[in-house]
Amino acid sequence: MASTDLSSILSASKDLTKHLLNSKPPDLPSVNLSLEQIEAQSRRLVSKHDSSGDVNRANYLLAQASVDGSALSQSIAHLNASTTFSSSSLQPLQDTDVSSFLRHSHEQNLISTIENGRKETQESFYRMLEDRTVRDWEEKKKRLFEQLGASVPVASSLTTSTTSLAASTMGMSSSMMKKQVPVSAPLSLQMHSKMLAYDRTVVALNSARLGGTSYPIIHALTDAANDNNQITFMFTILVKITQEPPSLPPLEHASAHILNSPVFERKYAKAYLASPAPALSLRKQIATGARQALEEQYLSIIQRTVHSHPSEAQLGGDPSTGNLVRAFCAVRFYRQGEWLSGLELVKGSPVWAQVFFLVRVGEVSEAFQVLMRFKDAVDAREPGFIDAFRIWAESSERSLPRLIRDQLAGVYNAHMLQAQTTDPFKLALYKLIARLDVGRRSIPNVTTTTEDWLWMQFAMVDESSGDENDDSSLASLTKVLLAYGERHFEPATGSVGQKSGFWASVLLMCGQFERAVASLWDHDSGGSLQVEAVHLAVALAYHGLLRVSSKAEGSDVNILTLSPSATGNQPVPSLALHTLIWRYIRQFVKMDAKEGLQYVYILPLSADQPSPPGVGHEQLEAAWELVRRIIVMANGGPMWEELVGGVKGDGTRFPGVLPTHLPLLRLSPSPDSYPSTQSLSSSSSLRPTSLQTFDYKSQILLPTASSLLSNDRLPEAIKLYDLAGEYDTVVGCLAQALGNLVASGGTTLSFGAGGGTAWSAAGDQQERAKELEKTAREILTVYERLGRGTGLGASGSTSGTNAGGKDRDACVKLLKILEAGERGRDGHVERALEILESTSLVPLDVNVASGKEGDVDVMKVTRKAEEFTQQHEALQRCLPVYLVMCMDALSGVASKIKSGVGAHGGEAQKRAAVVVLRKKSRALMVYAGLLKYRMSPEVYGYLARGDVEVAL
């Protein structure tokens, strides 16, 4: 059976090659060899082949690629693959080997987990990269649209909802607590009026800085907020933090000497900027100011609530805060002749609620008086609480000794947390004065609104330890609030999703001043809060509570920069103040450059910032750059001279707005630019002696004049050079401008037309020539009278090449050429020829001719041609123009003489005059011929035709 099967397999295998045998070519022989024979012949063929040459060639090619083939061959030969893996990993698993199966499954799970984690990480990375790319592009596109002016809101009117924070307080109806103020004016007018109101405060601030006095900028901004409750509350927070008084005593008062006035400018800069975290005293002041602002706000809410419910409140004639709080508790908790459940009554009164609300509005002394009125009843229920409250109220930091705090903590943990009917206000008082259970930040029925919750957090802040990592520190609370984010504090209101700016107020309470400004600026409210963002930054910079970004850290897209902290805590925010100010003022700087400068004066306030190194000087450079940019962008005319100053017709100067405010830019006037600095001496006390001042001429005048010159605004550039005392430069600019004007006029000539075509000019060129000619003549007249622009130094010695004198000579000659052109256009060709001869640019005098008629003194003409290279560059460029003008003048005079027009005497005198004209024409042709490659062939042809006309 087995043999039969093997035989059938053999026959079947032979049948497999039948189709190959049938399809092979007839000349191809068959191989009838067994496998052993084929193997033996293959080995025989291999043994005959010498493979050493192939190996050598392979090693040669590998050596060119710096690969050692022989060493690799030896390494491969000694490789033992059996030790690469453990013997158990290569062995098949037995069905009964449970431990090996579990180990293998565990290894596979680890491998699959690692692979899945790698894939998820890679996908998350590319997804985050794409999101970041899209977000960055959106930000850049937004900034680009702002620069192009596409960020103006499209709404034509705005109904501003000045909803009080009390609308969400105490759960009362919106009709009782909400106040709508409709505004029907167009948005552009509303924004313009708001910007003007804020602008007046900045102007007043800079005036006070110039006078060396302080200015209550935050109170002024509060008045300019125009009853916007949320913005007013934001500025109130800053007032409480900075402790800025509402006004200063007038200087006329006997005891109000300037040296005794409080100093607001950069008052907190050292405490805020000395380290990444504010100083301990400033942190305490921030927390206290935030709490006081919330208390003042809540007191106004209580007053409005009581006054809107007079029948329920039963206020009476007692004006005290305690009576006001009693009436408020009646409005809120007294219904149908009984108090709401949940309140613990002491002799029929909700004492705990009254005490809490008095503490809530900051009236701690009146709260203690309420407790003393019910002392016996309170001591019977809560022994020791009144004494602890007294110690807490008398403490400057509102803290308790550890022993008393531990006693209150025992009562709090043993009874109150476990009781079902504990008065929530009593629980809040225990928690507050002993700072218990800081991690549990909400108290039911007490912290019912966002403002109540925030007050509770800031009231429990304790900076006595000085440790930022403490749970009760301001830094820990800030970390919690930043983790919550804007969405928890500022829900969108209105149909267009506008926000009120409350998140900025929260950031101010935490001392995150830079984040608060950025939050207002980047608000999704159509730019309506950007005005407040800029002026909030101004107030913060004035008080020294703003950290600015360095060039290395800053960005052209985002104004907020978050730098890693050296201590490993929260990143340190900084603000690109110069970018913020420029984005704000660029919308009106062309029309009102003086107001734009008022905001630029704020930048040097941050010149004293110590870190990062050099950032203070960068703020000065940024301010100077913005000043230069404003001067270039401002419209010319009298308003421009009012900005930078100017020169009267008699050469005396009058100062502009900018020179009188140089101390605000840390600049000092140059002695040669403003001889009298009496107007600036009154503000010398403004500059701290530790801050260096810089030269106004080198930082502002000269760079700006160069920019104006490159922008083809010659009149403004000349005025700035004159104000800088660079009189030689003024004359040089005039020479270049006059040369360009004369040369451009020559391009309009129609060569070959003959006669008077050389005197034709376009209308706009003619107007430009008149204006420039008038300006040049006035400047040269004044300079000649005052001895300026002569190329002489202060001592009267000439400089190396006497460039000033050469420029002045070029201006005089170019003006004569323009005057000759004017005379030619009027038909006075004889006078035009005399003016051209007086320039001495072309050998036209009779001395160049010898005694024989028509001969020319070639030596004199050659010397004149050699002197051409010593002429001013502007005169060299104008060579074709005034040569053509000279030939046309000669031709015109000759034509008049030949035609008998004018008084030229008898025939002999006419012939003599024509002979002189022929000699001059010939000398002109010789002169032009010596100056090879200076002019185009058309000019030479035109001169030749003119010479022929004179000779005929």
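Up top you'll find the structure we're talking about.
This one's a predicted model, so the numbers in the text were calculated from it and none came from an experiment.

Rules used throughout
- Here the residue index of a chain counts from 1 through its sequence in written order.
- Reporting in this predicted model follows two pLDDT cut-offs: at least 70 for local features of residues, and 80 or more for side-chain atom pairs to be given and counted; totals over whole chains, interfaces and linings ignore these cut-offs and use all residues.
- Excluded from the side-chain calculation are hydrogens and water; included are all heavy atoms of the structure.
- We count a stretch as a helix when DSSP gives it H or I for four or more residues in a row; a strand needs E for two or more, and each element gets its number in order from the N terminus.
- Partly exposed residues are those whose accessible area sits between 20% and 50% of the maximum for their type, while under 20% is buried and over 50% is exposed, using a 1.4 Å probe and protein chains only.
- Contacts are assigned to residue pairs that have any heavy atoms within 4.5 Å of one another.
- Definition used for salt bridges: Asp or Glu carboxyl oxygen within 4 Å of a side-chain nitrogen of Lys or Arg.
- Strands are labelled as partners when DSSP assigns at least two bridges between them.
- Grouping buried Ala, Val, Leu, Ile, Met, Phe, Trp, Tyr and Cys residues that are joined through side-chain atoms within 4.5 Å yields what is termed a nonpolar core.
- A residue counts toward a patch only above 30% relative accessible area and without a salt bridge, and it is joined to like-charged neighbours within 9 Å or, for Val, Leu, Ile, Met, Phe, Trp and Tyr, to nonpolar neighbours within 5 Å.
- Throughout, the Shrake-Rupley method with a 1.4 Å probe supplies accessible areas, and for residues the shown protein chains are the sole cover considered.
- Helix axes are fitted to C-alpha atoms over the stretch in contact, other axes to C-alpha atoms as well, and angles between N-to-C directions run from 0 to 180 degrees.
- Each angle gets one of four labels, with under 35 degrees taken as roughly parallel, over 145 as roughly antiparallel, 65 to 115 as roughly perpendicular, and the rest as oblique.
- Definitions for this section: a left-handed crossing has its near helix turned counterclockwise from the far helix by less than a right angle. A right-handed crossing has that turn clockwise.
- Residue classes follow a fixed rule: Ala, Val, Leu, Ile, Met, Phe, Trp, Tyr, Cys and Pro count as nonpolar, while Asp, Glu, Lys and Arg count as charged, and any other residue, Gly among them, counts as polar.
- Between N or O atoms, a polar contact is any pair within 3.5 Å; within protein, one atom must be a potential hydrogen donor and the other a potential acceptor, and residues adjacent in sequence are included only when both atoms are from side chains.

Visitor: What is the right way to read the overall build of the chain from this model?
Guide: Scanning the chain from terminus to terminus reveals 42 helices and 8 strands. Relative to its 952 residues, the chain shows a buried fraction of 43%. Excluding contacts between residues fewer than 6 apart, the proportion of contacts in the chain whose partners are at least 24 apart in sequence is 67%.

Visitor: Explain the pattern of salt bridges to me, please; I cannot follow it from the model alone.
Guide: Side-chain pairs of opposite charge can arise where the charged atoms are in close proximity. Applying the stated criterion across every chain, the model contains 33 salt bridges. Put simply, Glu837 and Lys920 hold a salt bridge, and the shortest N to O gap is 2.5 Å. In this pair, Glu837 is assigned in helix H37 (residues 829-838) and Lys920 in helix H41 (residues 907-930), connecting sequence segments 83 residues apart. Linked by salt bridges that have partners in common, Glu344, Arg381, Glu382 and Lys426 make up one network.

Visitor: Hey, could you run me through the pairing of strand E4 (residues 572-575) in this one?
Guide: Two faces make up the sheet, and in a regular strand the side chains alternate between them. The two faces of E4 match: Val572 and Ser574 on one face and Pro573 and Leu575 on the other face are all buried. In this sheet, E4 lies alongside strand E3 (residues 560-563) in antiparallel orientation, the contact comprising 4 bridges. Bridging from a neighbouring strand, Leu560 pairs with Leu575 of E4.

Visitor: Looking at this structure, how should I read helix H21 (residues 450-459)?
Guide: An α-helical segment advances 3.6 residues per turn. Residues three or four places apart therefore align on the same side. In terms of burial, H21 is largely enclosed, as 9 of its 10 residues are buried. Looking at H21, one finds that the buried residues are Glu451, Asp452, Trp453, Leu454, Trp455, Met456, Gln457, Phe458 and Ala459. In the core, the buried residues of H21 are packed alongside helix H12 (280-308), helix H15 (351-360), helix H20 (424-434), helix H22 (474-484) and helix H23 (502-509).

Visitor: Even after reading the chapter, I still don't get the environment of Ser555, so can you show me in this structure?
Guide: Within the secondary structure, Ser555 is located in the loop between helix H25 (530-543) and E3. Separated by 20 residues in the primary sequence, Ser555 and Leu575 place their C-alpha atoms 9.8 Å from one another.

Visitor: Hey, could you run me through the nonpolar core in this one?
Guide: The tendency in soluble globular proteins is for nonpolar side chains to be buried side by side. Phe357, Phe389, Leu454, Phe458 and Leu536 are the most contacted members of the largest nonpolar core, which totals 242 residues. Ranked by the residues each element gives to this core, the list is headed by helix H40 (residues 879-899), at 13 residues. Every residue in contact with Leu536, bar those within four places of it in the chain, is listed here: Met234, Phe235, Leu238, Leu508, Ala516, Val517 and Leu520.

Visitor: Got a minute to help me understand a nonpolar patch on the surface in this structure?
Guide: Taken together, Leu93, Val98, Phe101 and Leu102 make up a surface patch of nonpolar side chains, about 390 Å² in accessible area. For Phe101, the position within the fold is in helix H6 (residues 98-147).

Visitor: Any chance you could explain the packing of helix H14 (residues 321-333) against H15 here in plain terms?
Guide: In a packed pair of helices, the relevant descriptors are the angle between the two axes and the axis-to-axis distance. Remark: H14 packs on H15, axes separated minimally by 9 Å, with the N-to-C direction vectors making an angle of 120 degrees. Overall, the two elements H14 and H15 adopt an arrangement that is oblique. Here H14 runs over H15; the crossing is right-handed. Residues Thr321, Gly322, Val325, Arg326, Phe328, Cys329, Arg332 and Phe333 of H14 pack against Ala353, Gln354, Phe357 and Leu358 of H15. Partitioned by chemical class, the residues of the contact of H14 with H15 number 7 nonpolar, 3 polar and 2 charged.

Visitor: Could you clarify how one ought to interpret the side chain of Thr704 in this entry?
Guide: Along the chain, Thr704 falls in helix H32 (residues 696-710). Residue Thr704 is classed as buried on the basis of its relative accessible area, which comes to 0%. Polar side-chain contacts of Thr704 include one of 2.5 Å to the backbone oxygen of Ile700.

Visitor: Help me out: how do you make sense of the packing of H21 against H22 in this one?
Guide: Where H21 contacts H22, the axes come no closer than 10 Å and their chain directions differ by 155 degrees. Here H21 lies roughly antiparallel to H22, going by the angle between them. Taking contact as the criterion, the partners of Trp453, Leu454, Gln457 and Phe458 in H21 are, on H22, Leu474, Leu477, Leu481 and Tyr484. In terms of residue class, the contact of H21 with H22 is built from 7 nonpolar, 1 polar and no charged.

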